[in-house]
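# Inside the fold
Next come the chains, spelled out residue by residue.
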Amino acid sequence: MCGIVGGIAQRDITPILLEGLKRLEYRGYDSAGMAVVRTGELQRERALGKVAELEAALTRRRLNGRLGIAHTRWATHGKPSLANAHPHLSSASVAVVHNGIIENFEPLKARLEGQGYRFHSDTDTEVIAHLFDSHYREQHEPRHAQEARDTLLAAFRATLGELHGAYALGLIHRDHPEHLLCARMGSPLVIGVGSGEHFIGSDPLALLQVTDRFIYLEEGDHALMTSHDIVIFDGEQVVEEISSDMPQSPDAGTEQLGAGRRALGARPIIRYEHGSQAANKGDYRHFMLKEIHEQPEVLRDTLADKLTPEGTLLTAVLGPEAAELLPQVRQVQLVACGTSYHAGLVARYWLEALAGVPCSVEVASEFRYRHVAVQPGTLFVTLSQSGETADTLAALRFAKSAGYLATLAICNVPGSSLVRESQLRLMTHAGPEIGVASTKAFTTQLAVLAWLALVLGRQQGRLDDADLAEQVAALQALPEQLRQVLELEPAIAELANGFAEKRHTLFLGRGAHYPVAMEGALKLKEISYIHAEAYAAGELKHGPLALVDDAMPVVTVAPSDTLLEKLKSNLQEVRARGGRLINFVCERAGLVDEEGVRNFPLPKVPELTAPILYSVPLQLLSYHVALVKGTDVDKPRNLAKSVTVE
Ligand code: F6R
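Now for a description of the structure that goes with this document. Quantities reported herein were computed from a predicted structural model and do not represent experimental measurements.

### So, the sheet that holds strand β10 (residues 198-201)
Taken in spatial order, the eight strands of this open sheet run β3-β2-β4-β1-β10-β9-β11-β15, and their pairing is antiparallel. Either end of the sheet is taken by a strand with one partner, and the two such strands are β3 (41-48) and β15 (270-271). Two strands pair when backbone bridges link them, and strand β11 (residues 213-216) and β15 are joined in this way by two bridges, in the antiparallel orientation. Looking at the pairing, R213 lines up with R271 of β15. Lying on the sheet, helix α1 (residues 14-24) is in contact with β1 (3-8), β2 (31-38), β4 (67-73) and β10; it crosses β1 at an angle near 160°.

### Regarding the packing of aromatic side chains
For the coordinates displayed, the defined rule picks out seven aromatic pairs. An angle of 25° between the planes, with centres 6.0 Å apart, marks the rings of F132 and Y136 as stacked. In this pair, F132 and Y136 both sit in helix α4 (residues 125-138), four residues apart, roughly one turn of the helix. Consider the rings of F132 and F156, whose centres lie 6.4 Å apart with planes at 65°: the pair is edge-to-face. Of this pair, F132 sits in helix α4 while F156 is found in helix α5 (residues 145-162), placing the two residues 24 residues apart along the sequence. There is no split in this pair, since F132 and F156 are both buried. By the ring-pair criterion, three or more aromatic residues cluster together here, those being F367, F380, F398 and Y404. Here the basic side chain of K109 rests over the ring of F119, its NZ or CZ set 5.1 Å away from the ring centre. If you follow R637 out to its NZ or CZ, it ends over the ring of Y529, 3.8 Å from the centre.

### Remarks on the pairing of strand β17 (residues 359-363)
Two faces belong to every sheet, and in a regular strand the side chains alternate between them. As defined by bridge partners, strand β16 (residues 331-336) adjoins β17 across five bridges and the pair is classed as parallel. Along β17, the bridge assignment pairs A336 with V363. You can see the chain leave β16, run along helix α9 (residues 338-355) and come back into β17, and the turn it takes is right-handed.

### Focus: the site of the ligand
The ligand sits among 13 residues. The nearest are S340, S384, Q385, S386 and T389. Measuring from an oxygen atom of the ligand, one finds a side-chain N or O atom of S386 at 2.7 Å. Take K523: an N or O atom from its side chain is 3.0 Å from an oxygen atom of the ligand. Protein contact buries 90% of the 400 Å² of open area that the ligand shows by itself. Of all the secondary-structure elements, those providing two or more residues to the shell around the ligand are α9 and α16 (513-528). Counting residues per element, the shell around the ligand draws most heavily on α9, at three residues.

### Here we look at the pattern of salt bridges
Evaluated as defined, the whole model comprises 30 salt bridges. Residue D12 is joined to R62 by a salt bridge in which the shortest nitrogen-to-oxygen separation is 3.7 Å. Here D12, found in the loop between β1 and α1, pairs with R62, found in the loop between α2 (51-60) and β4; they are 50 residues apart in sequence, far enough to count as distant. Residue R62 is classed as exposed on the basis of its relative accessible area, which comes to 58%. Between E595 and R580 there is a salt bridge whose closest N-O contact spans 3.6 Å. Here E595, found in the loop between β24 (580-586) and β25 (597-602), pairs with R580, found in strand β24; they are 15 residues apart in sequence, far enough to count as distant. According to the relative accessible area criterion, R580 is partly exposed, its value standing at 35%.

Parameters and conventions
Residues numbered from 1 in each chain as written. Predicted model: local features only at pLDDT ≥ 70, side-chain atom pairs only at ≥ 80, totals over all residues. Heavy atoms only, no water. Pairing = 2+ DSSP bridges. Helix = DSSP H or I, 4+ residues; strand = E, 2+ residues; numbered from the N terminus. Contact = heavy atoms within 4.5 Å. Axes fitted to C-alpha atoms, helices over the stretch in contact; angles between N-to-C directions. Phe/Tyr/Trp six-rings, centres within 6.5 Å; stacked < 30°, edge-to-face > 60°. Buried < 20%, exposed > 50% of the residue type's maximum accessible area, 1.4 Å probe, protein only. Lys NZ or Arg CZ within 6 Å of the ring centre and 35° of its normal. Right-handed = clockwise from strand over helix to strand, strands pointing away. Near = heavy atom within 4 Å. Polar contact = N/O pair within 3.5 Å; in protein donor to acceptor, adjacent residues only side chain to side chain. Areas by Shrake-Rupley, 256 points an atom, 1.4 Å probe, with all protein chains shown as cover. Salt bridge = Lys/Arg side-chain N within 4 Å of Asp/Glu carboxyl O.

Don't take any of this as a statement about function, it's just geometry.
See below:
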């Protein structure tokens, strides 16, 4: 999805903007651009395709300035083209970058055209630039610095007041080389706090090369920044005012302001906890591979604040309201998209089996438009890596007035909209996930959901001390077992050589491993572009068996659980039709390699943790198939990391 980076500094801002755009590349985009202000001139450069194209253009025509904004665009209104790339300009004096969608851009455009503005793109964003310009011209000529600031703010507010839809915005004006304006409504935007320089970004990762201190803007906020000061407004009200010469508190995540500064505290500065190295590939060839290999460690981190080494469930992490709300839970509604939805499907098996709590799971894009019948005592749970997925957020906002007991977000990004807007929260500590195909975010979500099932199981009186101790031990053993599973990588890589030629694949599983198979199929589709479908293995003979022949690989997830014998019968059905089986199977399942059957043995693990463990070889399989095919593993075609538009 689109990415924004901007800044006002006392040095040339262009290398910072360019590096920021490179760090945003993982989100998916089709063009990039940059605009800077320099001594009464607004300069812009744009390029279709990769940020490297923009970089090449900038070596031919160097931009230089202390104030600038930049953007990676993922086409919504108007096809990918140079003309549609951001920043968009008005009257050679205003430049705007925008994420989101302006729903009323057509009437605004018609009005502005009537006023004489000429449009050069098909985007909704260009409307914002001209609208600002028209409001700016309505203001009287500023006579001194304070008036100049008031003029900018008045024009900006008048512009924002006319926009319907979702936006994160950055705006600069040729005649105001000291001022950067920004706003957030429905699309994330952070302010990066520096020393004598300040920045904006749609994602903190874009700015980690210059700061690790961030202010997460709230819905409806706008801000005016100079290299020294940041003033954040909610309407006309100042909600935060910050100067960059404030002292840094050594240990607190949330910093205090220096003496004599306004410290309204409404928009705290949060220190980014993962460090700038988290967004580097290190020695790995791709982020996806790095993230697959990080899973033992991040699973341990994710459980660390939820479970003591002695096995006590630390429910306080859910938030202060949890103690009162948890005993009232009678049902659970899980809502998410994509991979996060698959995590929810696995969790349904756990929540019903361990806690006896009825559970429904639905994709957010469907849920948000449905007339739901809400049962009393239903906990509404959203699952999201980014916490900014438009459909999931919309579902949460709808649920808040639909009569649910409470809302809980399970998320990987602490300052995200989903976390801030939910009553209860559980963080996955997966660290930044850069590869578009989700891996460690999925398995850490599963670990948190397994933990939640234990918490509710205890609450409902379904788990005695011995049961709980057994399940907790299973969770605690996971990091080490994952390390063992990762050792399968060379064998999986070898298999991938023959697999890359295939055009279709079936994935099979039963019980909680049916959604694991769905996730395996999604991974393969996403990064290798091989058509893959997942079926509950018992469904084979109701249709899909017709597809099976010796050209069709069938990947099965076969842990040693109560359904193993049934699954083995399903595998016989495949073999009888000449299908080629690739089984990820419990080492004790007694399956043997033969012509057309390849088994990858995994350790015998308890039913609770098997779905987490069995997901990992499927991630490795899709990664190595994509590698053989030579696709862009971390940035697969047509996809974006964080889907912030509907
Ligand atoms: C697939 C993938 C997507 C996301 C989906 C939801 O590998 O990553 O399917 O899971 O777009 O994103 P989040 O979890 O950020 O809400």
